[in-house]
Amino acid sequence: MSTQFLPKFGRKLGTVLAVLGLCSFSSLSYAAAHSTYNPMQPRQLSAVAAQADYSYGYSILSGHALDSLEEPNRAMWYLNYDIFDHYILRPVAHGYAYLPQGVQDSMGNFFANLDEVNNIPNNIFVGNVGGSAVSLGRLVVNSTIGLLGFFDVATQMGLNAHPMNMETVLGKGGVEQGPFLMIPAYGPTTARDLNGAVIDGMPWYAVSWPITIGKWALQGVHNRAQLIPQEGMVDNAMDPYITTRDSFLMYDENAVNPVQEGVVESEDDFDEALLDEIDG
């Protein structure tokens, strides 16, 4: 098992737990978008292709993802969550959580500062030139005055972060999620997410592998430790696999197509006057 991928599951799991921490399972409804759009292609080449059904009988999930490998995915879920997380990552994260909060905050600032390297070009790709300039300013300020990023001086100066990863860039460019995958020691992902992660990881290819592994390992443990209060939400879910899958996909989709707070989206428009007539 490649040790470089071990901390990735901690980051993925942290993302899922963060989403679950914002909503109650009892009221959360996962309504998969049903469409004839080909989830395996970013663009439709003809009207005929647009009319064809490429779902092969599977429900199309958020971001037009397909869980066409659910059986092996569930096996990998058991390996990741019930074994790797339960016996390795979770105990390490709980031990890390005993560190003073100031130390944990400094570590979080350090990792966020490293991410600015990707935020600079990625914001340009989506047309957010201002966000790219702010990301550059944050990188310079926090790397110098903030002592290599351990202190977030830029935010105190009014330079708020504009995070943007390549997975979101690809989504905004029209690339669909593709198949949903549960990879051993890596966690939940999709074809689009994997491609984005490879591109975002390019700056680290020039760094020696021990430093790269150490960075991802420590960052994974840090992110996992911050979500300890939400562990029970996954542990007590009726189907932890489905809950994790749908939450992960909805999180990614909301990053690509944000839903404004308080706005309920519906695919089907209806005449409210007709409802009033029925009620009457």
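Predicted model, so just to flag it, every value in this text is computed and none were measured.

Procedures and definitions
Residues numbered from 1 in each chain as written. Predicted model: local features only at pLDDT ≥ 70, side-chain atom pairs only at ≥ 80, totals over all residues. Heavy atoms only, no water. Patch = residues over 30% accessible without salt bridge, like charges linked within 9 Å, V, L, I, M, F, W, Y side chains within 5 Å. Areas by Shrake-Rupley, 256 points an atom, 1.4 Å probe, with all protein chains shown as cover. Salt bridge = Lys/Arg side-chain N within 4 Å of Asp/Glu carboxyl O. Helix = DSSP H or I, 4+ residues; strand = E, 2+ residues; numbered from the N terminus. Core = buried A, V, L, I, M, F, W, Y, C linked by side-chain atoms within 4.5 Å. Buried < 20%, exposed > 50% of the residue type's maximum accessible area, 1.4 Å probe, protein only. Axes fitted to C-alpha atoms, helices over the stretch in contact; angles between N-to-C directions. Parallel < 35°, antiparallel > 145°, perpendicular 65-115°, else oblique. Contact = heavy atoms within 4.5 Å. Nonpolar A, V, L, I, M, F, W, Y, C, P; charged D, E, K, R; others polar. Pairing = 2+ DSSP bridges. pLDDT = per-residue confidence, 0-100. Expected span 1.5 Å × (residues − 1).

Peer 1: In this structure, what is going on with a nonpolar patch on the surface? I would like to understand it.
Peer 2: Nonpolar side chains collect at one region of the surface, where Y78, I83, Y87, I88 and V92 lie side by side and expose about 520 Å² of accessible area between them. Mapped onto the elements of the fold, I88 is located in helix 3 (residues 70-96).

Peer 1: What is the right way to look at the nonpolar core in this model?
Peer 2: Grouped burial of nonpolar side chains is what soluble globular proteins tend to show. One finds L61, A65, W77, Y81, F180, M182, V234, Y241, F248 and L249 forming the largest nonpolar core, which totals 10 residues. Those elements that provide at least two residues to this core are helix 3, strand 1 (180-183) and helix 11 (240-256). Broken down by element, the residue count for this core peaks at three residues, all from helix 11. With eight residues, the next largest nonpolar core counts F84, L89, M107 and A225 among its residues.

Peer 1: What's the story with the pattern of salt bridges in this structure? I'm lost.
Peer 2: Scanning the model with the defined rule gives 12 salt bridges in all. With a closest N to O distance of 2.9 Å, R245 and D246 form a salt bridge. Here R245 matches D246 in class, with each residue buried. Several salt bridges share partner residues, and in doing so they unite D85, R90, R224, E231 and D235 into one network.

Peer 1: Any chance you could explain the packing of helix 3 against helix 11 here in plain terms?
Peer 2: Packed helices, taken two at a time, are described by the angle their axes make and the gap between the axes. Where helix 3 contacts helix 11, the axes come no closer than 10 Å and their chain directions differ by 105°. Put simply, helix 3 runs roughly perpendicular to helix 11. Residues E70, N73, R74 and W77 of helix 3 form the contact with helix 11, whose participating residues are P240, Y241, I242, T244 and R245. Grouping the constituent residues of the contact of helix 3 with helix 11 by class yields four nonpolar, two polar and three charged.

Peer 1: Hey, could you run me through the pairing of strand 1 in this one?
Peer 2: Burial along strand 1 is one-sided: the residues F180 and M182 are buried and none of L181 and I183 is. Taking the residues between adjacent antiparallel strands as the criterion, strand 1 and strand 2 (residues 187-190) are bridged by three residues, where A185 takes a positive phi near 65°.

Peer 1: Even after reading the chapter, I still don't get the confidence of the model for the chain, so can you show me in this structure?
Peer 2: Do not read the fine detail of predicted coordinates wherever pLDDT is low. Scored by pLDDT, the chain comes out at a mean of 80, with 72% of its residues at no less than 70. Mean pLDDT across the secondary structure elements of the chain bottoms out at helix 1 (residues 6-20), with 47, and peaks at helix 5 (residues 129-144), with 97. Note on residues 1-11: pLDDT under 50 across the span, and 31 contacts to partners over four residues away in sequence or across chains. Note on residues 14-42: pLDDT is under 50 here. Beyond four places in sequence and across chains, it has 66 contacts.

Peer 1: Explanation requested: helix 9 (residues 209-226) in the structure shown.
Peer 2: Helix length check: helix 9, at 18 residues, gives a terminal C-alpha distance of 26 Å against a target of 26 Å (1.5 Å per residue), a fit within 8%. Looking only at helix 9, the buried set comprises T212, I213, K215, W216, Q219, G220, V221, H222, R224 and A225.

Peer 1: What am I meant to see in the packing of helix 3 against helix 9 here?
Peer 2: At a minimum axis distance of 8 Å, the contact between helix 3 and helix 9 shows a crossing angle of 80°. Between helix 3 and helix 9, the crossing angle belongs to the class labelled roughly perpendicular. Across the interface between the two elements, D85, L89, R90, V92, A93 and Y96 from helix 3 touch L218, V221, H222, R224, A225 and Q226 from helix 9. Taken together, the residues of the contact of helix 3 with helix 9 break down into seven nonpolar, two polar and three charged.

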